[in-house]
Amino acid sequence: MTPLERVVREEWGRLVALLLAQFRRLDLVEDALAEAVATAQESWTEESTPANPAGWLMTAARRRILDRLRAEAMAARKEPLLTVEAERRPQEGVMVDDGSVVDDDLLRLVLMCAHPALSPESASALSLRLVMGISTADIARLFLVPEATMAARITRAKKKVVAAGIPFAIPGTDAIGERLDVVAHTAYLAFTAGYAPGSGPDLVRAELAGEAIRLARVTMGLRPSDTLAFLVVLTTLQHSRRDARVGLDGSLVLLADQDRALWHHDEIAGALALLTRLEARPGPASPLARSYRVQALIAAEHASAPTAADTRWDHIADLYAVLEQLSPSPAVRVARAVAVAEAKGPRAGLALLDGVEMAGHRLPAVRGELLARAGDAEAARASLAESIALCDNEIERRHMEQRRDELVG
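Residues numbered from 1 in each chain as written. Predicted model: local features only at pLDDT ≥ 70, side-chain atom pairs only at ≥ 80, totals over all residues. Heavy atoms only, no water.

Caption draft 1: Local environment of the overall build of the protein. The number of helices and strands found in the protein is 20 helices and two strands. A buried classification covers 47% of the 409 residues belonging to the protein. Summed over its atoms, the accessible surface of the protein is roughly 19400 Å², and 53% of this surface lies on carbon and sulfur atoms. (Helix = DSSP H or I, 4+ residues; strand = E, 2+ residues; numbered from the N terminus. Buried < 20%, exposed > 50% of the residue type's maximum accessible area, 1.4 Å probe, protein only. Areas by Shrake-Rupley, 256 points an atom, 1.4 Å probe, with all protein chains shown as cover.)

As structure tokens, this is what we get:
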């Protein structure tokens with residue numbers, strides 16, 4: 001990974017937050033930062049990469065914004081720059097928080113995006129693109145919609161922010177609670193994008209997944225809730241396996257083949273202790289919290305099994321059936337089919353996939369594997385070929401190619 005790629009991945013949200021805090025113009029900030037990155041791509045070499053890449057991008061973007069503001073002031077021909085800019089700035093955009101309510105840049109920006117004028121889906125999508133720097137294509141995969149649909153949704157959200165003068169300010173302490181579900185869902189989606197990237201050369205983007213967990217923890221510290229607590233358990237348990245999921249040669253290591261000594265057992269112990277405390281209380285009230293609870297219990301089943309053979313797949317299948325009642329979706333049905341196949345055999349899993357439609361490569365990948373286990377090599381190869389054609393993650397695609405080639409008709 002180049003220094004530019006690293007700084008864009010790790011610092012994008014912080015840079016956006018700092019520039020928005022200063023200029024309050026989403027249109028200017030996003031364009032200027034994108035232009036700064038483009039300039040860096042053209043000018044940075046191994047020898048000329050700045051010692052502080054994030055600082056370089058910040059300075060370059062700030063200069064572009066100031067140039068644009070000067071041009072706008074000259075076009076107005078009425079007032080000095082500062083007066084014109086102040087008049088155009090939405091009056092309600094003054095920060096409600098002086099840092100005493102929220103002192104985390106990332107959370108501050110996600111809370112700003114979670115303005116009630118935007119739908120929860122649009123707010124999460126905008127946060128993922130603007131704050132986390134996740135590609136529109138990968139965001140579309142998370143929402144199971146075509147890329148063009150997601151691009152239009154994000155564009156509409158940006159235009160609404162700019163045209164309606166939605167302030168990039170967070171609410172007072174009492175009103176923050178109204179935005180927590182959006183923040184939680186954003187963290188969940190960001191974690192998923194890091195845990196299983198939809199495209200690119202990485203099987204795991206550990207820094208993105210870790211930042212999503214940190215976002216959930218910081219938010220929970222601000223306003224404790226069952227939703228955030230179960231989300232922290234779920235994501236921490238899944239993230240604890242990060243070092244075992246990639247082989248020494250960079251290949252995909254399936255759960256059943258992972259070296260469990262590489263799991264982060266301290267993280268597992270802390271998450272399971274939190275889950276025990278949560279389970280001792282009355283059940284969560286909100287639908288989102290109940291969904292995260294069931295997913296946390298599924299993750300706990302995997303984390304608690306000493307070996308792959310000890311995994312209680314019947315329990316996991318039952319939990320997925322509950323999850324499907326709470327949050328029905330093709331993705332949940334596919335995950336349930338995998339668990340049922342492990343518990344009752346591949347044909348039982350395949351039966352659950354009848355009639356399921358889902359964008360992306362995961363459905364044909366699962367169907368192909370179950371067909372292979374059921375002994376139908378020809379159908380398995382065809383399904384895996386379909387999945388390979390749809391898969392944009394290089395490591396996953398190589399894994400499926402290898403699996404397809406193992407199946408001799």
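On we go from here.
Caption draft 2: Focus on the packing of aromatic side chains. Inspection of every chain in the model, using the stated rule, returns three aromatic pairs. Arranged with centres 5.5 Å apart and planes meeting at 20°, the rings of F191 and Y195 form a pair that is stacked. In this pair, F191 and Y195 both sit in helix 10 (residues 180-195), four residues apart, roughly one turn of the helix. Taken individually, F191 and Y195 each receive the classification buried, so the pair is uniform in this respect. Here R241 stacks its cationic end above the ring of W263, 5.9 Å away from the centre of that ring. Taking NZ or CZ as reference, R245 lies 3.9 Å from the ring centre of Y195, over its face. (Phe/Tyr/Trp six-rings, centres within 6.5 Å; stacked < 30°, edge-to-face > 60°. Lys NZ or Arg CZ within 6 Å of the ring centre and 35° of its normal.)

Caption draft 3: Structural context of helix 12 (residues 226-239). Along its 14 residues, helix 12 runs 20 Å from first to last C-alpha, staying within 8% of the 20 Å computed at 1.5 Å per residue. Summarising burial for helix 12: twelve of the 14 residues are buried, a large majority. All of the buried residues in helix 12 are T227, L228, A229, F230, L231, V232, V233, L234, T235, T236, L237 and H239. Considering only its buried residues, helix 12 is in contact with helix 10, helix 11 (206-222), helix 13 (265-279) and helix 14 (287-304). (Expected span 1.5 Å × (residues − 1). Contact = heavy atoms within 4.5 Å.)

Caption draft 4: View of the environment of L15. Considering the arrangement of structural elements, one finds L15 in helix 1 (residues 3-23). Each C-alpha atom, one on L15 and one on V29, is 9.3 Å from the other, the two residues being 14 residues apart in sequence. Discounting residues that sit within four places of it in the chain, L15 has contacts with L33, A54, L57 and M58.

Caption draft 5: Quick look at the layout of surface pockets. For the second largest pocket, the calculated volume is near 510 Å³. V8, R9, G133, S135 and R205 are the residues nearest the centre of the second largest pocket, which is lined by 21 residues in total. Secondary structure elements with two or more residues in the lining of the second largest pocket: helix 1, helix 2 (26-43) and strand 1 (199-200). Counting residues per element, the lining of the second largest pocket draws most heavily on helix 1, at four residues. (1 Å grid on protein atoms, 1.4 Å probe; cavity = no way out; pocket = protein on both sides within 12 Å on 5 of 7 lines; lining within 4 Å. Points joined across faces, edges and corners; volume = space filled by probe spheres on them.)

Caption draft 6: The arrangement of the pattern of salt bridges in detail. In the structure shown here, the tally under the stated rule is 19 salt bridges. Linking D138 and R141 is a salt bridge whose minimum nitrogen-to-oxygen distance equals 2.6 Å. Linking D138 with R141, this pair stays in helix 7 (residues 136-143), spanning three residues, or about one helical turn. Given the relative accessible area of 30%, R141 is considered partly exposed. (Salt bridge = Lys/Arg side-chain N within 4 Å of Asp/Glu carboxyl O.)

Caption draft 7: Highlighting the packing of helix 16 (residues 330-344) against helix 17 (residues 346-353). Viewed as axis vectors pointing N to C, helix 16 and helix 17 meet at an angle of 160°, and their least axial separation amounts to 6 Å. Classified by the interaxial angle, the pair formed by helix 16 and helix 17 is roughly antiparallel. Once helix 16 is placed against helix 17, the crossing between them reads as right-handed. Only P346, A348, G349, L352 and L353 of helix 17 make contact with helix 16, whose side of the interface consists of R333, V334, R336, A337, V340, A341 and K344. By residue class, the composition of the contact of helix 16 with helix 17 is eight nonpolar, one polar and three charged. (Axes fitted to C-alpha atoms, helices over the stretch in contact; angles between N-to-C directions. Parallel < 35°, antiparallel > 145°, perpendicular 65-115°, else oblique. Left-handed = near helix turned anticlockwise from the far one by under 90°. Nonpolar A, V, L, I, M, F, W, Y, C, P; charged D, E, K, R; others polar.)

Caption draft 8: Structural view of helix 11. When the terminal C-alpha atoms of helix 11 are compared, their 24 Å separation across 17 residues agrees well with the 24 Å that a helix rising 1.5 Å per residue should span. Within helix 11, burial applies to L208, A209, A212, I213, L215, A216, T219 and M220. What you see down the axis of helix 11 is that its buried residues fit within an arc of 150°, all on one side. On its buried face, helix 11 is in contact with helix 5 (105-113), helix 10 and helix 12. (Arc of directions from axis to C-beta.)

Caption draft 9: Summary view of the side chain of R205. Take R205: it is sitting in the loop between strand 1 and helix 11. Leaving out residues up to four positions away in the same chain, R205 has contacts with R9, G194 and P197.

Caption draft 10: Region of interest: the packing of helix 6 (residues 120-130) against helix 7. Packing of helix 6 against helix 7 leaves a shortest axis separation of 10 Å and a crossing angle of 145°. Crossing of helix 6 over helix 7 shows right-handed handedness. Every residue of helix 7 that contacts helix 6 at E121, S124, A125, L128 and R129 is listed here: T136, I139, L142 and F143. A class-by-class count of the residues in the contact of helix 6 with helix 7 yields five nonpolar, two polar and two charged.

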